Amino acid sequence: PDLTRADPATMGNSGGPIVFDQDGPEVFATIFTIAPSRFDTSTVWTGSDDGFVQVTRNAGRSWRNVTPPGLTPRSRVSRIDASPHRPGSAYVAVERHQLGDRAPYAWRTDDFGSTWTPIHAGLPPGAFVRVIREDPVRPGLLFAGTEHGVFASLDNGTTWRALSLNMPDLQVADLVVKDNDVVIATHGRSFWVLDDITPVRQASAPMLERTETRAQLFRPPTATRRLGPAHIDYYLPVGTDSAAITLDDAGTQRVRRWTIRARTGLLRTNWDLTYPGATSFPGIVLEGGNPERGVLAPPGSSRLTLTAWSASGVATSVQPLVLARDPRQPGVSDADLRRQFQLAMNIRTAESEANEGVLRVRALRADVTTRLADTLALSATARRPVVAAADTLLSAVGAVEGELYQVKNQSPKDKIANPIKVNDRLTGLRSIVESGDGAPTVAQGRVYQELRRELDLLLSRLGVALDRDLARLNAALRAAGLPPIGPRS
């Protein structure tokens, strides 16, 4: 049957008397919204622009008028949203602004329209409602698109809170919840997306009001390699002195640690999906990239732990964090990416050892320079053995430094005249290994082994110089009445 009021007074031509209005905005009696059930293909809801809500539960063979009490004639049923959680539940958004009534109107039913509950009481005057959607993950979490932005309800419409955040005051014509995001369409102000509503889905009203007394780490959604970062959302109650979040992988290796101070409420930090990068040093110039760049984590599950300290004690909250491989690479397996990760981590370790060797040489050179300045007060005879021993030591460690790092280069382009050394070659190799998703090649593994052997020889030479030549310098310093140079790790 006709599912509208079909009032003849609203169905004639508008305009005139000479030219009729071809747009017909004043012509009523149109089915304005259709909402199929999420559970049953035979159940369909309709809403008309003249104030009727109808439902069929037998694929249209018969319909029942279930218009909510209080929904007056000529009101526009703008949207009906069939609940994704309960077969008999639906949400109705109604507009009356073209009749001079800009109040919000919305209803909820849980019994296929036999009874209705008004759910517009908590919305501000003038924010008439164009759409209400229920979150497909959390039952009773509602999002309302209104003439003045977006509102959210954690309690199935009993109370509402503004969710416009940084948006201007704008009309929201429609919205959908897609995966973990809320996407809205506006009139003249483009599309807007609220990324990752994980904290909204897991938050409680006391958290929003900051009356909740327990610290809580929310379970993060699955993150995807190369599509990061991973959002880590958590709640800290009033009175928290400090807090920390740690991330440990399946092998209990510490991946990251974040320190939080003097902040409470709903908070977020991000993980860039990498393990820490290699040790570096000030002024480093490399062709191969940045050694401090982190190593991309492989697919798998890690453990997040929130620890909060307050006057009442220590509280902890633990959640898993799952990292998945990029679905756009169907020919790559998790095992391939674990092999890639392991080689990249091995290279990172070698980078750190090479750069730490450079740091040891430079720290030792600074100590020797200080001691040589102390010898200026000595006689030439007393000073001569110290200077000779210092020259021998600095020459030996300087030669190693020059093989670990190209000390002559002032820019990456200087490699043309001054070939890069071990640390630069290692950093460049890691950049190549991690340049895309896939198992490392045989050649990459062989190059790493060659560089590892070269590095081990250089570090062995440095160790000999520190054991032998530093001992001789310290003996000369003691003979001259000066303190020795202490060991450096």
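Within each chain, residues carry numbers counting from 1 in the order of the written sequence. With pLDDT at 70 or above as the cut-off, local features in this predicted model cover only qualifying residues; side-chain atom pairs require 80 or more to be listed or tallied, and sums for whole chains, interfaces and linings still use all residues. Excluding hydrogens and water, the side-chain figures rest on all heavy atoms present in the structure.

Draft legend 1. The overall build of the protein, seen in detail. Helix numbering and strand numbering both begin at the N terminus, where a helix is a DSSP run of H or I of at least 4 residues and a strand a DSSP run of E of at least 2. Within the protein, the regular secondary structure consists of six helices and 25 strands. Computation of the radius of gyration draws on C-alpha atoms, with the globule rule given as 2.2 Å multiplied by the number of residues to the power 0.38. By the compact-globule yardstick of 23 Å for 489 residues, the protein is too spread out, its C-alpha radius of gyration being 35 Å. Relative accessibility thresholds used throughout: buried, under 20% of the residue-type maximum; exposed, over 50%; partly exposed, between the two (1.4 Å probe, protein chains only). Within the protein, buried positions represent 48% of all 489 residues. Contacts were defined at the residue level, with two residues in contact if any of their heavy atoms lie within 4.5 Å. Within the protein, contacts between residues separated by at least 24 positions form 57% of all contacts whose residues are at least 6 apart in sequence.

Draft legend 2. Structural detail: unusual backbone geometry. Following Gly228, the chain continues to Pro229 via a peptide bond in cis, the omega torsion being 5°. When you line up the elements, Pro229 lands in the loop between strand E17 (223-224) and strand E18 (230-236). Phi at Asp179 is positive, roughly 55°, even though this residue is not glycine. Locating Asp179 in the fold gives a position in the loop between strand E13 (172-178) and strand E14 (181-186).

Draft legend 3. Geometry of helix H5 (residues 422-433). By this rule the span expected of a helix is its residue count minus one, scaled by 1.5 Å. An ideal rise of 1.5 Å per residue puts 16 Å on 12 residues; H5 measures up with 16 Å between its terminal C-alpha atoms. Among all positions of H5, only Val422, Asn423, Asp424, Leu426, Thr427, Gly428, Leu429, Arg430 and Val433 are buried. Looking at the buried side of H5, the elements it contacts are strand E23 (295-296), helix H3 (334-374), helix H4 (380-404) and helix H6 (442-479).

Draft legend 4. The arrangement of the packing of H5 against H6 in detail. The convention used is that axes are lines fitted to C-alpha atoms, helices contributing only their stretch in contact, and that angles between N-to-C directions extend from 0 to 180 degrees. The geometry of H5 relative to H6 is characterised by a closest axis approach of 10 Å and an angle of 155° between their N-to-C directions. Put simply, H5 runs roughly antiparallel to H6. Judged by the sense of rotation from one axis to the other, the crossing of H5 with H6 is left-handed. Residue-level inspection shows Val422, Arg425, Leu426, Leu429, Ile432 and Val433 of H5 in contact with H6, the latter providing Gln444, Val447, Tyr448, Leu451, Glu454, Leu455 and Leu458. When grouped by side-chain class, the residues that make up the contact of H5 with H6 number 10 nonpolar, one polar and two charged. Working definition: roughly parallel below 35 degrees, roughly antiparallel above 145 degrees, roughly perpendicular at 65 to 115 degrees, and oblique for all remaining angles. Left-handed describes a crossing in which the near helix is turned anticlockwise from the far one by less than a right angle; the clockwise case is right-handed. When residues are sorted by character, Ala, Val, Leu, Ile, Met, Phe, Trp, Tyr, Cys and Pro go into the nonpolar class, Asp, Glu, Lys and Arg into the charged class, and all the rest, Gly among them, into the polar class.

Any link to function would need more than the numbers given here.
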